[in-house]
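Chain by chain, the residues run as shown.
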Amino acid sequence: MKTLVLVFHPDMAKSRANAALMAAARPLSEDDGVTVRDEYALYPDGKIDVKAEQRLIETHDRIVFQFPMYWYSAPALLKEWEDKVLEFGWAYGPGGEALKGKSIMVATTAGGPRTEYRDEDNGATMDEVLSPYRMMVRYTHAVWLKPFVVFESMELSDESLAEAARDYRQALLR
Ligand SMILES: Cc1cc2nc3c(=O)[nH]c(=O)nc-3n(C[C@H](O)[C@H](O)[C@H](O)COP(=O)(O)O)c2cc1C
């Protein structure tokens, strides 16, 4: 099983939660079958190398999109990545089966508590918030994995964050 972790954080130098998750994933090497990429660092001008990203997808079985939740969605580069990389004739349409059968997992950190994403009085569950990704996975005939979600990402104690990072590492090795 080869896993590709695509991390989308616009200011990794100021990140605590995603930096901790990425640091847990990074030591996992090609021997473990895990490749980690800091997409904002790779594309500071926002110009994505579409062919390079497509080749990486093609050579991995599981894709993880890791990002901090921003306005019930992801930082803008992930949307740009979807719009550019998931091309007609590659990801969908005639001959477009590149994602077919691949497993896709969202790993996100949310500032809000778990209850904010559970209680219908508050608007939407986390599953509902993540539905654009689930729909993308469905449309491209990939397989939707249970999302890895860290709640209260700004208030977590060092200990709880370390535990989340350990859980993330385990999820990536599974
Ligand atoms: C522009 C912006 C929008 C945000 N929107 C949300 C949101 O919709 N829901 C939420 O739970 N947290 C939201 N947050 C909090 C972030 O999810 C939180 O800062 C992030 O998970 C912390 O991760 P980091 O330490 O890697 O930066 C937002 C933060 C920013 C800066």
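Residues numbered from 1 in each chain as written. Predicted model: local features only at pLDDT ≥ 70, side-chain atom pairs only at ≥ 80, totals over all residues. Heavy atoms only, no water.

As annotated in an unreviewed UniProt entry, the protein carries the name NAD(P)H-dependent oxidoreductase and is attributed to Bifidobacterium santillanense.

Draft legend 1. View of the UniProt feature "domain: Flavodoxin-like fold" (unreviewed entry) in the protein. On the UniProt side, "domain: Flavodoxin-like fold" (unreviewed entry) is annotated at positions that read residues 1-171 here. Counting secondary structure, residues 1-171 comes out at 35% helix and 17% strand; the distance between its end C-alpha atoms is 13 Å. (UniProt positions renumbered as here; feature names shortened; annotations may be inferred. Helix = DSSP H or I, 4+ residues; strand = E, 2+ residues; numbered from the N terminus.)

Draft legend 2. Representation of the site of the ligand within the structure. Residues in contact with the ligand amount to 17 residues; listed here are only the nearest, His9, Ser15, Met69, Thr109 and Tyr117. One of the backbone N or O atoms of Arg16 is found 2.8 Å from an oxygen atom in the ligand. At a separation of 2.8 Å, an oxygen atom of the ligand approaches a polar backbone atom of Ala17. Starting from 620 Å² of accessible surface for the ligand in isolation, the protein chains cover 76%. Tallied by class, residues from the shell around the ligand come to 9 nonpolar, 7 polar and 1 charged. (Near = heavy atom within 4 Å. Polar contact = N/O pair within 3.5 Å; in protein donor to acceptor, adjacent residues only side chain to side chain. Areas by Shrake-Rupley, 256 points an atom, 1.4 Å probe, with all protein chains shown as cover. Nonpolar A, V, L, I, M, F, W, Y, C, P; charged D, E, K, R; others polar.)

Draft legend 3. Highlighting the pairing of strand β2 (residues 34-38). Burial analysis of β2 places 5 of its 5 residues in the buried class, the great majority of the element. As paired strands, strand β1 (residues 3-7) and β2 are joined by 5 bridges and run parallel to one another. Each residue of the ladder has a partner; that of Leu6, found in β2, is Arg37. Handedness of the β1-helix α1 (residues 17-25)-β2 crossover: right-handed. (Buried < 20%, exposed > 50% of the residue type's maximum accessible area, 1.4 Å probe, protein only. Pairing = 2+ DSSP bridges. Right-handed = clockwise from strand over helix to strand, strands pointing away.)

Draft legend 4. The pairing of β1, seen in detail. With 5 of its 5 residues buried, β1 lies for the most part within the structure. Across the two faces of β1 the burial is the same, with Thr3, Val5 and Val7 and Leu4 and Leu6 all buried. Pairing between β1 and strand β3 (residues 62-68): 5 bridges, direction parallel. Across the sheet, residue Val5 finds its bridge partner in β3, namely Val64.

Draft legend 5. Layout of unusual backbone geometry. Phi at Trp71 takes a positive value of approximately 45°, unusual for a residue other than glycine. Relative to the elements of secondary structure, Trp71 occurs in the loop between β3 and α4 (76-85). Notably, Glu152 is not glycine yet its phi reads approximately 50°, a positive angle. Within the secondary structure, Glu152 sits in the loop between β6 (148-150) and α7 (158-173).

Draft legend 6. Structural detail: a positive patch on the surface. Side chains of Arg114, Arg118, Lys146 and Arg174 sit close together on the surface and give a patch of like positive charge. Positionally, Arg174 belongs in the segment after α7. For Arg174, a relative accessible area of 68% puts it in the exposed group. (Patch = residues over 30% accessible without salt bridge, like charges linked within 9 Å, V, L, I, M, F, W, Y side chains within 5 Å. Salt bridge = Lys/Arg side-chain N within 4 Å of Asp/Glu carboxyl O. Lys, Arg positive; Asp, Glu negative; His and termini not counted. Charge placed at Lys NZ, Arg CZ, Asp CG, Glu CD.)

Draft legend 7. Seen up close, a nonpolar patch on the surface. Nonpolar side chains collect at one region of the surface, where Tyr70, Trp71 and Tyr72 lie side by side and expose about 440 Å² of accessible area between them. What makes Tyr70 partly exposed here is its relative accessible area of 34%.

Draft legend 8. Structural context of a negative patch on the surface. Residues Asp119, Glu120, Asp121, Asp127 and Glu128 make up a contiguous surface patch of negative charge. By secondary structure assignment, the location of Asp119 is in the loop between β4 (103-109) and α5 (126-129). On the accessibility criterion, Asp119 (34% relative accessible area) is partly exposed.

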